[in-house]
Amino acid sequence: MKENTKINWPINILVAIGTLIILFPLYMALTIALKDPQQMSQSLFGLPTKWRFDNFANAIEVTNFFQAFRNSALVTTATVVLTLLTNSMVAYAIGRNMERSKFFKGLYFYFVSAMFIPFPIIMLPIVKLTASLHMTNLVGLTILHTVYALAFNVFVYVGYIRSIPVALEEAATVDGASTWGTFWRIIFPLMAPINATVGILVCLSTYNDFLLPLIIVSDQDMYTLPLVQYIFQGQFNTDYNLAFASYLLAMLPMIVIYLFAQKWIISGVTRGSVK
Amino acid sequence: MSKRMSTYYWMTIPAVLLFFLFLTLPAIQGVYYSFTNYNGFGKTYDFIWFRNYINLFTDNVVGDAYWFTIKFAVVVTIFVNVFSLLIALGLNASIKFRNFFRGIYFLPNILSVLIVGYIFNYLFSNVFTVWGQSLGINALSTNILGNENLAWIGVVIVAVWQSIALNTILYLAGLQTISKDMYEASSLDGAGKWREFWSITFPLIAPFFTINMVLAMKNALMVFDQIVALTNGGPGRATQSISFLIYTGGFEGGEFAYQSANSVIYFIVIAVISILQIRFLQRREMDM
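Residues numbered from 1 in each chain as written. Chains lettered and ligands numbered in written order. Predicted model: local features only at pLDDT ≥ 70, side-chain atom pairs only at ≥ 80, totals over all residues. Heavy atoms only, no water.

Engineer: Explanation requested: the overall build of chain A in the structure shown.
Structural biologist: Summing up its helical and strand segments, chain A has 14 helices and zero strands in all. Each helix and strand of chain A, placed in order from N terminus to C terminus, yields the pattern α-α-α-α-α-α-α-α-α-α-α-α-α-α. Here the C-alpha atoms of chain A give a radius of gyration of 24 Å, more than 25% beyond the 19 Å that 2.2 N^0.38 yields for 275 residues. Overall size of chain A, expressed as C-alpha extent along the three principal axes, is 75 × 70 × 35 Å. Considering chain A as a whole, with its 275 residues, one finds that 52% of them fall into the buried category. As presented, chain A carries roughly 12,800 Å² of accessible surface, and 67% of it is formed by carbon and sulfur atoms. Seen as two clouds, the 16 positive and the 12 negative side-chain charges of chain A have centres 10 Å apart. (Helix = DSSP H or I, 4+ residues; strand = E, 2+ residues; numbered from the N terminus. Rg over C-alpha atoms; globule rule 2.2 N^0.38 Å. Buried < 20%, exposed > 50% of the residue type's maximum accessible area, 1.4 Å probe, protein only. Areas by Shrake-Rupley, 256 points an atom, 1.4 Å probe, with all protein chains shown as cover. Lys, Arg positive; Asp, Glu negative; His and termini not counted. Charge placed at Lys NZ, Arg CZ, Asp CG, Glu CD.)

Engineer: What am I meant to see in the overall build of chain B here?
Structural biologist: Across its full length, chain B holds 13 helices and zero strands. For chain B, the α and β elements follow one another from N to C terminus as α-α-α-α-α-α-α-α-α-α-α-α-α. C-alpha extents for chain B along the principal axes are approximately 75 × 75 × 35 Å. Across the 288 residues of chain B, 53% fall into the buried class. In chain B, the share of contacts with a sequence separation of at least 24, taken over all contacts with a separation of at least 6, comes to 70%. Accessible surface for chain B amounts to roughly 13,400 Å². Of this, 64% is attributable to carbon and sulfur atoms. In chain B, 16 positive and 13 negative side-chain charges are present, and the distance between their average locations comes to 9 Å. (Contact = heavy atoms within 4.5 Å.)

Engineer: I'm lost on the domain arrangement of chain A in this one. Help?
Structural biologist: All names here are of chain A. You can read the domains of chain A as domain 1 (1–52) and domain 2 (53–274). Taking only C-alpha atoms into account, the centre of domain 1 sits 32 Å from that of domain 2. Contacts between domain 1 and domain 2 engage 11 residues on the former and nine residues on the latter. Summed over both partners, the interface of domain 1 with domain 2 comes to about 940 Å²; 65% of that surface belongs to carbon and sulfur atoms. The largest contributions to the domain 1 side of the interface with domain 2 come from Ile32, Ala33 and Arg52, which together make up 49% of the buried area. At the boundary of domain 1 and domain 2, one finds zero salt bridges. Seen at the junction of domain 1 and domain 2, the total is seven residue pairs in polar contact (both at pLDDT 80 or more). Put simply, the parts of the chain that give the side of domain 1 that touches domain 2 at least two residues each are helix H1 (9–34) and helix H2 (37–42). With five residues, H1 is the largest single contributor of residues to the side of domain 1 that touches domain 2. (Domains from an automatic or database assignment. Buried area = accessible area lost by both parts, 1.4 Å probe. Salt bridge = Lys/Arg side-chain N within 4 Å of Asp/Glu carboxyl O. Polar contact = N/O pair within 3.5 Å; in protein donor to acceptor, adjacent residues only side chain to side chain.)

Engineer: Can you walk me through the packing of helix H9 (residues 193–204) of chain B against helix H10 (residues 206–221) of chain B in this structure?
Structural biologist: A packed helix pair is summarised by two numbers, namely the angle formed by the two axes and the spacing between the axes. Residue and element names in this part refer to chain B. The interhelical angle for the contact between H9 and H10, taken along N-to-C directions, is 60°, at an axis separation of 4 Å. Here H10 runs oblique to H9, going by the angle between their axes. Note on element contacts: H10 touches H9 through Ala206, Pro207 and Phe209, opposite Phe202, Pro203 and Leu204. Of the residues contributing to the contact of H9 with H10, the split by class is six nonpolar, no polar and no charged. (Axes fitted to C-alpha atoms, helices over the stretch in contact; angles between N-to-C directions. Parallel < 35°, antiparallel > 145°, perpendicular 65-115°, else oblique. Nonpolar A, V, L, I, M, F, W, Y, C, P; charged D, E, K, R; others polar.)

Engineer: Is there a simple way to explain helix H7 (residues 138–161) of chain A in this structure?
Structural biologist: Along an α-helix, residues three or four apart share an orientation, since each turn contains 3.6 residues. Residue and element names in this part refer to chain A. The principal kink in H7, of about 45°, is found at Ala151. Taking burial as the measure, the 24 residues of H7 include 19 buried ones, the bulk of the element. At the N-terminal boundary of H7, the capping side chain belongs to Asn137, with an oxygen 3.2 Å from the backbone nitrogen of Val139. (Bend = angle between axes of the 7 residues up to and from the residue.)

Engineer: Where do I start with the side chain of B:Ser241 in this structure?
Structural biologist: Here B:Ser241 is to be found in the loop between helix H11 (225–230) and helix H12 (242–252). Once residues within four sequence positions are removed from consideration, B:Ser241 is found in contact with B:Ala65, B:Phe68, B:Thr69, B:Val223 and B:Ile227.

Engineer: What is the right way to look at a nonpolar patch on the surface in this model?
Structural biologist: Residues and elements named next belong to chain B. A surface patch of nonpolar side chains, about 590 Å² in accessible area, is lined by Ile70, Val74, Ile78, Phe79, Val82, Phe83 and Leu86. Along the polypeptide, Leu86 turns up in helix H3 (residues 60–92). Take Leu86: its relative accessible area is 53%, and that puts it in the exposed class. (Patch = residues over 30% accessible without salt bridge, like charges linked within 9 Å, V, L, I, M, F, W, Y side chains within 5 Å.)

Engineer: Could you clarify how one ought to interpret H9(B) in this entry?
Structural biologist: Across its 12 residues, H9(B) extends 15 Å between first and last C-alpha, which sits within 8% of the 16 Å expected from 1.5 Å per residue. For H9(B), the set of buried residues is B:Glu196, B:Phe197, B:Ile200, B:Thr201 and B:Phe202. (Expected span 1.5 Å × (residues − 1).)

Engineer: I would appreciate a short explanation of the UniProt feature "transmembrane region" (unreviewed entry) in chain A in the present structure.
Structural biologist: Residue and element names in this part refer to chain A. Residues given the UniProt feature "transmembrane region" (unreviewed entry) here are residues 12–34, 73–95, 107–127, 139–161, 182–207 and 242–261. Between the C-alpha atoms that bound residues 73–95 the distance is 32 Å, and the span itself is 100% helix and 0% strand. Secondary structure within residues 182–207 divides into 96% helix and 0% strand; the distance between the first and last C-alpha atoms comes to 33 Å. (UniProt positions renumbered as here; feature names shortened; annotations may be inferred.)

Engineer: It is not clear to me how the UniProt feature "domain: ABC transmembrane type-1" (unreviewed entry) in chain A should be interpreted in this structure. Could you clarify?
Structural biologist: According to UniProt, the positions carrying the feature "domain: ABC transmembrane type-1" (unreviewed entry) are residues 69–261 of chain A. Within the segment residues 69–261 of chain A, helix and strand shares are 79% and 0% respectively, and the terminal C-alpha atoms sit 20 Å apart.

Engineer: How should I be thinking about the interface of chain A and chain B in this particular structure?
Structural biologist: Quite often, the size of an interface is put as the accessible area lost when its parts meet. At the junction of the two partners, chain A supplies 93 residues and chain B supplies 82 residues. When chain A packs against chain B, close to 7,900 Å² is buried across both sides, 80% of that on carbon and sulfur atoms. Here chain A is connected to chain B by zero salt bridges. Inspection of the region where chain A meets chain B yields 13 residue pairs in polar contact (both at pLDDT 80 or more). Partitioned by chemical class, the residues of the side of chain A that touches chain B number 73 nonpolar, 15 polar and five charged.

Engineer: Teacher, can you tell me more about the confidence of the model for chain A here?
Structural biologist: Do not read the predicted coordinates in detail wherever pLDDT is low. On average, residues of chain A score 87 in pLDDT, and 98% of them are at 70 or above. Between the elements of chain A, mean pLDDT differs from a low of 78, seen in helix H13 (residues 233–236) of chain A, to a high of 94, seen in helix H4 (residues 65–97) of chain A. (pLDDT = per-residue confidence, 0-100.)

Below you can see the structure in the form of structure tokens.
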């Protein structure tokens, strides 16, 4: 391979220039978050002459950042854990029985066909339902995210489970293991790669979700990070330095995770979408 | 029933019940309310059967929302796929720092759509206008989000900027499935780059083209967060998407039943477009 890799410089330069289009808005966000209005009027595009970390301190205080962060982190973590444990189990029961049982075959199509249902069709009734069940809180958000994830995850998991040879389970059965024990001790560990994919996708979509918290959550103490940015638009008004500091803080946790787990995230998302 | 089978049933039944309660039931309720004149908060309502549906088809507000959403989705799908494919081809060429560049192109995918919208909102009003003025381009020297005829293009730009990330990575995954031998055979035949792309590369990544077209189209048809962050449906109703209209009309406008009918139509539109797309693109895959 190595000997005929001649670097294609024109394309290399074009690819590099293209990244500027991706980075420019983020560069602007970062510099504005570190400037004050006076520096902005002197130079809109330049680096800050004096770094104003006060903007971040103010944003933390005004938006009650740590509370929103805690809410987002709780919902995201709980949803990821609950989704991995429950969705994989449901898909296992379906994947191992859909060939011989009409019931499980029917379940497969029941879950998977929901991928075509656009959220707005259930948006209006779900607000009434969650209110009557007292689910307008973080627990409600977690449950709804987990349940809605089933449609896509059953599809992804079943495809994977059917590629795992049944022989392993049969051996365990001979040794007297229950179906329950077989799943948790033998199959679930084997599903690690697909669990990583599902976990990453669920983490991204839950953390960044705006519409579901917007319609479900009414108590200000329960606001998640995207919701806080929406609610505080009025207060940010024309104080762009404060607003951008707040935006960056909200995006920071995911960016930090991305910096460390970039390779995982990219391959996980690819595998999930190509399924 | 054997103990083994009953365990399998117990693994699924709680999920089925919850799925029915939180997805199927609300969907049925939505269809039910669409035949009434329920306003969302009152105690009583009457059945008006298909009146909501008949009104939908003569309502300009609804018509405009469909026109905006479909126009937006088609344009976004085309641009996203063209740019993603070009970037993926670039990343797949023999270049230095490929993983670094790939990491940057994928970055927008992990960011909140709403917050990206807010950042661009500022850029449109305070940065692009400065460029427009200094370059003497009239269309850019005022905020295009405030222009009734151009605002939709602003939303397109933001959606394309962010959606490219996922589609690029998927095209790149497709390109990496093609072995080098295929190209070597063709360069011996003296085929140019352009012909090489259309007769070798593109047919081989056809399944990825299908996925990307369907994903981009479906996401664009659901556009909501960008509208909230950029235009709030304005100026006037120029950028009111279908899901935004269902949200504002249903929750704030007292049109619970009417917007339920709208969402039933919306569901049918999305399902039909997705199925047609998959059918058409898969037939093309076969031909190639």
